[in-house]
Amino acid sequence: MREPHAAPRTRERLERAAKLGTMYSDNESVEFPFVGIVDGPEYVTGALNLPAGGPVIQRQRIISSETSGLVELSTSWFPAKLAESAPRLLLTERVGHGTLGYIAKAAGIRAAYARDQVCARPATDEESRALDLASSSAVLVYWLVAYDSNDAAIAFDEAVYPPHRWSFRQEYPLAL
């Protein structure tokens, strides 16, 4: 069970999409400030094993909760070639079953596993504006790269959480 203001992890959102067909809870709303094909930042193209600065699909979302305000600024990146087989990635709307579920259905490419990293750092100017933060605020940044069964990266997700959402709780078995 998550703490009241804990940030939902990408893993939780993916599990929710698989079970319920949506990544978001009933009290969350999603805005899409930008969706399109852009020259990818090096950290994204590197993670996706694409040429530096190569074209990628960018889907940026601002997720808010009716009860607790801004939840996260989330950006998903995909190889631009997916636009041909999964054209809804370029629409400013939810695609249903999460983007990985949509890609599996539309392009026949299934995610087999994911790798994630978490760090804290100062917010960029864009993140400060999107999350309504003071310019010197720190944020928690969560990266998730999803891979297919051939170890090819198919998606890079970056979730940026404001300071009041810096709580994660995990429970897992221990083999002692």
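All values derive from a computational prediction rather than experimental measurement.

What counts and how
Each chain carries its own residue numbering, running from 1 in the written order of its sequence. Owing to the predicted nature of the model, reporting of local features is limited to residues with pLDDT of at least 70; listing and counting of side-chain atom pairs is limited to 80 or more, with chain, interface and lining totals taken over all residues. Hydrogens and water are ignored here; the side-chain numbers use all heavy atoms of the structure. Aromatic pairs are defined between Phe, Tyr and Trp rings, using the six-membered ring for Trp, whenever the two ring centres lie within 6.5 Å; interplanar angles under 30 degrees are classed as stacked, those over 60 as edge-to-face, and all others as tilted. Note on conventions: DSSP H or I runs of at least 4 residues are helices, E runs of at least 2 residues are strands, and numbering of each starts at the N terminus. When accessible area is computed with a 1.4 Å probe and restricted to protein chains, residues below 20% of their type maximum are described as buried, those above 50% as exposed, and intermediate ones as partly exposed. The criterion is that NZ of a Lys, or CZ of an Arg, lies within 6 Å of the ring centre and within 35 degrees of the ring normal, and then a charge sits over that ring. When DSSP finds two or more bridges between two strands, those strands count as paired. Only the stretch in contact is used when fitting a helix axis, every axis being a line fitted to C-alpha atoms; angles between N-to-C directions are given from 0 to 180 degrees.

Novice: Is there a simple way to explain the packing of aromatic side chains in this structure?
Specialist: Where two aromatic rings form a pair, the distance of their centres and the angle of their planes describe that pair. With the rule as written, the count across this model stands at 4 aromatic pairs. Ring geometry for Tyr-113 and Tyr-147: centres 5.0 Å apart, planes at 10°, overall stacked. Separated by 34 residues along the polypeptide, Tyr-113 in strand S4 (residues 113-122) and Tyr-147 in strand S5 (residues 138-147) bring together distant segments of the chain. For Tyr-113, a relative accessible area of 32% corresponds to the partly exposed category. Joined through ring pairs, the aromatic side chains of Tyr-43, Trp-143 and Phe-156 make up one cluster. Sitting above the plane of the Tyr-102 ring, Arg-88 keeps its charged end 5.9 Å from the centroid.

Novice: Even after reading the chapter, I still don't get the sheet that holds strand S1 (residues 28-39), so can you show me in this structure?
Specialist: Strand pairing within a sheet occurs via backbone hydrogen bonds; the two strands may be parallel or antiparallel. Read from one edge to the other, the open sheet built from 6 strands follows the order S1-S2-S3-S6-S5-S4, with strand pairing classed as antiparallel. In this open sheet, the two strands that pair with only one neighbour each are S1 and S4. Ignoring which end each strand starts from, the neighbouring axes of this sheet average 15° apart. Bridging between strand S2 (residues 55-65) and strand S3 (residues 69-79) involves 10 bridges; their strand directions are antiparallel. Within the sheet, the bridge partner assigned to Gln-60 lies in S3 and is Thr-75.

Read these as layout, nothing more, since geometry by itself doesn't imply function.
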